[in-house]
Amino acid sequence: MPVGLFRVCLLVITAIVNHPLFFPKENGTVPENTEEIIQKMKEREESLRLEQLRLEQEIADQEATQKALEKAAVVVEESKEEKVRWDMWTALSMVIFLLIELWRQDFQEGSWQDTGAEEDDMAVLGKAFRGVALPDKAVLASFYEKRILGTTADMARMREMVEGFADDLLEALRSVCNRDADMEVEDCMGVGSMYENWRVRKPFVCDLIVPFAPPEPYCFCCQTWCSGDSFPPDEQGYGTIKVCRADENTTGCICDKTKLGEDMLCLLHSQVSSTRPSSEMEDLLCFKNTQYLDADQVMKWFQIAVTKAWNRISHKYEFDLSFSLLDSPGALKIKFKSGKSIAFNLTPVVQYENSDVYFISHFPRSSLAADIPSSTHWFLTFAVYERRFIQLVSKTLPANACHVSCLQILSFLHGKQCSLTGPSGLTNYHLKTVLLHLLQARPSQDWAPEKLEARLQDMLKFLEKCLHEKKLYHFFIGNGKVPAELGFPIIFQRAEPLNLFRPFVLRRDIYRKMVDTFHEMLRNMSALINEYTVHIPLAHTNGIRKEPL
């Protein structure tokens, strides 16, 4: 019973406590707060939806941009490929155009036409000058006997006199030079037309070359265009001369190619030998701040030394000695009291290794010196080997062979033509080169004296062919058929052939002058020969047919 009353009382108390009237009145605003929350949630949802739309738009824009970039890259790549193809076709077209232009200039007829009605000057021999005929054998023989032999009889006496005086002058030069500081001068050698017995035009001038070497302990290290180092095309035929100490090994030690630190020392070369003051190198006739021999300084030194040498021995002679040409430093002239004079050239040269090829500082009476790239570039002369080759071939030819006569006649005619129309680019050395090529190409019996007229025609045809093609190759350079008896250096035989007419390819005015002079010489040949020929009776020429060129 008490338990039951307790349970009833607990139930009544619980009901009273949980009656709604006992809750606070503000509980009635819950529904209003709920609506506000719902409104905020909707606003938040709307903002999130707008943010999502914005992000989606940005993603779409980025994808569009990426696609545009990829498309642009493809277009650029295609344009590059197209440009490469276009450049290739452009380059190919330019090469074809240049080849056609070169062919047109060298071989196409009419390249020298000033107007369409003018005759082609570059027609081959026997076409444009079909009516030109060489004088017959009797006239040529009379011309050679009167004009050539009559004027060259005293050449031997002149050579002997000049050589004797030059030896005396060089001996005096050695006595006035400082053997410990100046260059050492060797004996002179005669080269050129006077010593090959084909010079015909006066005044006769002897060409002498004088090898020289540096004082001890120095030596010359020569470098040519065909020694493996790269030389520009306009420097082919040239070389440089480096002044080195004899104990140096420029190829085995790198101390002269690498800048050593202050605390480093080359064990092969002392600091004294590896660094030389510039004044010392200038005393050795080198170009300023280099070790390369300067041709201009060499010529100045040689002129001063020759002047001192002449002052020492002038009392022994009854003539005066002077420098005859300002543009030819080695040109000397002996003046006798009678008024007569003798000219000769004394030119310093440097020997190439142990051969008879020489680096020459200056070409007397030649335009080649004006084409030298710089004063440290020296031209190579093969004059000694040319003289030996002519002597060697002459031993195999018939008696009184006509090879020298052909060269003498052409040299005389060319000189006479130049005196009428002015000098041209064609020189006696070009004529001599033509003869050397024909001497090697033709058998010995073709140079018999009675075949003078035929061989003269061969030289003219060969020369005009070279003029037509603008190609006359140096006889020795690149010629693998040089006789072994000459001992010619193999390095030059294996080199690329050197075109002596290359300077005229770009200098069209000089080339045109050279061609015109040659054609004028052909037209005037008979008149020039007849002018210096005694009258020959017709009976001597009957039965001899003139062969036209």
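Cut-offs and rules
Residues numbered from 1 in each chain as written. Predicted model: local features only at pLDDT ≥ 70, side-chain atom pairs only at ≥ 80, totals over all residues. Heavy atoms only, no water. UniProt positions renumbered as here; feature names shortened; annotations may be inferred. Helix = DSSP H or I, 4+ residues; strand = E, 2+ residues; numbered from the N terminus. Buried < 20%, exposed > 50% of the residue type's maximum accessible area, 1.4 Å probe, protein only. Contact = heavy atoms within 4.5 Å. Areas by Shrake-Rupley, 256 points an atom, 1.4 Å probe, with all protein chains shown as cover. Phe/Tyr/Trp six-rings, centres within 6.5 Å; stacked < 30°, edge-to-face > 60°. Lys NZ or Arg CZ within 6 Å of the ring centre and 35° of its normal. Salt bridge = Lys/Arg side-chain N within 4 Å of Asp/Glu carboxyl O. Core = buried A, V, L, I, M, F, W, Y, C linked by side-chain atoms within 4.5 Å. Patch = residues over 30% accessible without salt bridge, like charges linked within 9 Å, V, L, I, M, F, W, Y side chains within 5 Å. Expected span 1.5 Å × (residues − 1). Pairing = 2+ DSSP bridges. Polar contact = N/O pair within 3.5 Å; in protein donor to acceptor, adjacent residues only side chain to side chain. Axes fitted to C-alpha atoms, helices over the stretch in contact; angles between N-to-C directions. Parallel < 35°, antiparallel > 145°, perpendicular 65-115°, else oblique. Nonpolar A, V, L, I, M, F, W, Y, C, P; charged D, E, K, R; others polar.

Looking up the chain in an unreviewed UniProt entry gives the name Inositol 1,4,5-trisphosphate receptor-interacting protein, with the organism given as Sylvietta virens. Regarding the chain, the relevant UniProt record gives this comment under Sequence similarities (unreviewed entry): "Belongs to the ITPRIP family." You can read under Function (unreviewed entry) in the UniProt record for the chain the words "Enhances Ca(2+)-mediated inhibition of inositol 1,4,5-triphosphate receptor (ITPR) Ca(2+) release."

Further remarks concern the overall build of the chain. Looking only at helices and strands, the chain has 16 helices and ten strands in total. Out of the 549 residues in the chain, the part that is buried amounts to 41%. Sequence separation of at least 24 residues holds for 70% of the intrachain contacts in the chain that already meet a minimum separation of 6. Working note: accessible area of the chain is about 32200 Å², and carbon and sulfur atoms make up 57% of it.

In this section: the packing of aromatic side chains. The description of two aromatic rings rests on the distance between their centres and on the angle between their planes. This model, assessed by the stated rule, comprises 27 aromatic pairs. Judged by centre distance (6.0 Å) and plane angle (55 degrees), the ring pair of W301 and F302 falls under tilted. Both residues of the pair, W301 and F302, count as buried. Cluster of aromatic residues (ring-pair linked, three or more members): W225, Y352, F359, F382, Y385, F389, F475, F476, F488 and F492. Looking at R245, its charged tip hangs above the ring of Y218, at a distance of 5.7 Å from the centre. Geometry around Y385 places R388 over its ring, the cationic atom sitting 5.7 Å from the centre.

Applying the stated rule across the entire model yields 17 salt bridges. We note a salt bridge from K432 to E386, for which the minimum N-O separation is 2.8 Å. Note that K432 is positioned in helix α11 (residues 428–441) and E386 in helix α9 (residues 383–394), a separation of 46 residues in sequence. Accessibility expressed as a relative area gives 4% for K432, which makes it buried. With a relative accessible area of 2%, E386 lands in the buried category. Here K451 and D446 are joined by a salt bridge, their closest N and O atoms 3.7 Å apart. The class for K451 is partly exposed, based on a relative accessible area of 30%.

If you look at the biggest cluster of nonpolar residues, it comprises 114 residues, and the most contacted ones within it are L169, L293, F344 and L346. In this structure F344 touches V162, F165, V205, C206, L208, L321, G330, A331, L332 and I334, once residues within four positions along its chain are discounted. Counting ten residues, the second largest nonpolar core, distinct from the first, contains Y238, Y358, F379 and A383.

A separate point is a nonpolar patch on the surface. A contiguous nonpolar surface patch, about 530 Å² in accessible area, is contributed by M88, W89, L92, I96 and I100. Mapped onto the secondary structure, L92 falls in helix α2 (residues 30–106).

In this section: helix α15 (residues 508–531). Every α-helix carries 3.6 residues per turn, so stepping three or four residues along brings you back to the same face. In a regular helix each residue adds 1.5 Å, so 24 residues correspond to 34 Å; α15 covers 33 Å between its end C-alpha atoms and thus fits that length. Burial in α15 covers these residues: Y511, R512, M514, V515, T517, F518, H519, M521, L522, M525, L528 and I529. The inward-facing, buried residues of α15 contact α3 (137–149), α10 (403–421), α12 (452–469) and α14 (503–506).

Let us look at the pairing of strand β10 (residues 378–381). By the alternation rule, side chains of β10 split into W378 and L380 and F379 and T381, which are all buried. In terms of strand pairing, strand β5 (residues 238–245) meets β10 through two bridges, oriented antiparallel. The residue bridging Y238 from the neighbouring strand is F379, located in β10. Here strand β9 (residues 358–360) runs beside β10; their pairing, made up of three bridges, is antiparallel. Across the sheet, the residue bridging to F359 is L380, located in β10.

The topology assignment puts H474 in the loop between α12 and α13 (490–493). Here the side chain of H474 touches I477 through a polar contact of 3.4 Å, landing on its backbone nitrogen.

Think of two packed helices as two axes; the pair is described by the angle between the axes and how far apart they sit. Two elements in contact, α3 and α10, have axes whose closest approach is 11 Å; the angle formed by their N-to-C orientations is 75 degrees. Classified by the interaxial angle, the pair formed by α3 and α10 is roughly perpendicular. Within the contact between the two elements, α3 uses L140, F143, Y144, R147 and I148 and α10 uses S405, Q408, I409 and F412. Each residue belonging to the contact of α3 with α10 can be placed in one class, and the counts come to six nonpolar, two polar and one charged.

The next point concerns α9. Compared with an ideal rise of 1.5 Å per residue, which puts twelve residues at 16 Å, α9 spans 17 Å between its outermost C-alpha atoms and is within 8% of the ideal. Residues of α9 that are buried include every one of A383, V384, Y385, E386, F389, I390 and V393, and no others. Here the buried face of α9 lies against β2 (189–191), α5 (193–196), β3 (205–213), β9, β10 and α11.

As a further point, take the environment of K395. In this structure, K395 sits in the loop between α9 and α10. It is 9.8 Å that separates the C-alpha atoms of K395 and S444, two residues lying 49 residues apart in sequence.

Within the secondary structure layout, P348 lies in strand β8 (residues 341–351). Spatially, the C-alpha atom of P348 lies 9.0 Å from that of C188, the residues being 160 residues apart in sequence. Other than its neighbours up to four places away in sequence, P348 contacts V210, F212, V298, M299, F302, F359, I360 and S361.

As a rule of thumb, non-glycine residues mostly have phi less than zero, and peptide bonds are mostly trans rather than cis. Cis geometry marks the peptide bond from K202 to P203; its omega dihedral reads 0 degrees. Positionally, P203 belongs in the loop between α5 and β3. Cis geometry marks the peptide bond from E216 to P217; its omega dihedral reads 5 degrees. By secondary structure assignment, the location of P217 is in the loop between β3 and β4 (218–224). Although it is not a glycine, E353 sits at a positive phi angle of roughly 50 degrees. Turning to its location among the elements, E353 is positioned in the loop between β8 and β9. Judged by relative accessible area, E353 falls into the exposed class, the value being 55%. Positive phi, normally seen in glycine, also occurs at K470, with a value near 55 degrees. Within the secondary structure layout, K470 lies in the loop between α12 and α13. K470 sits in the buried class, given a relative accessible area of 5%.

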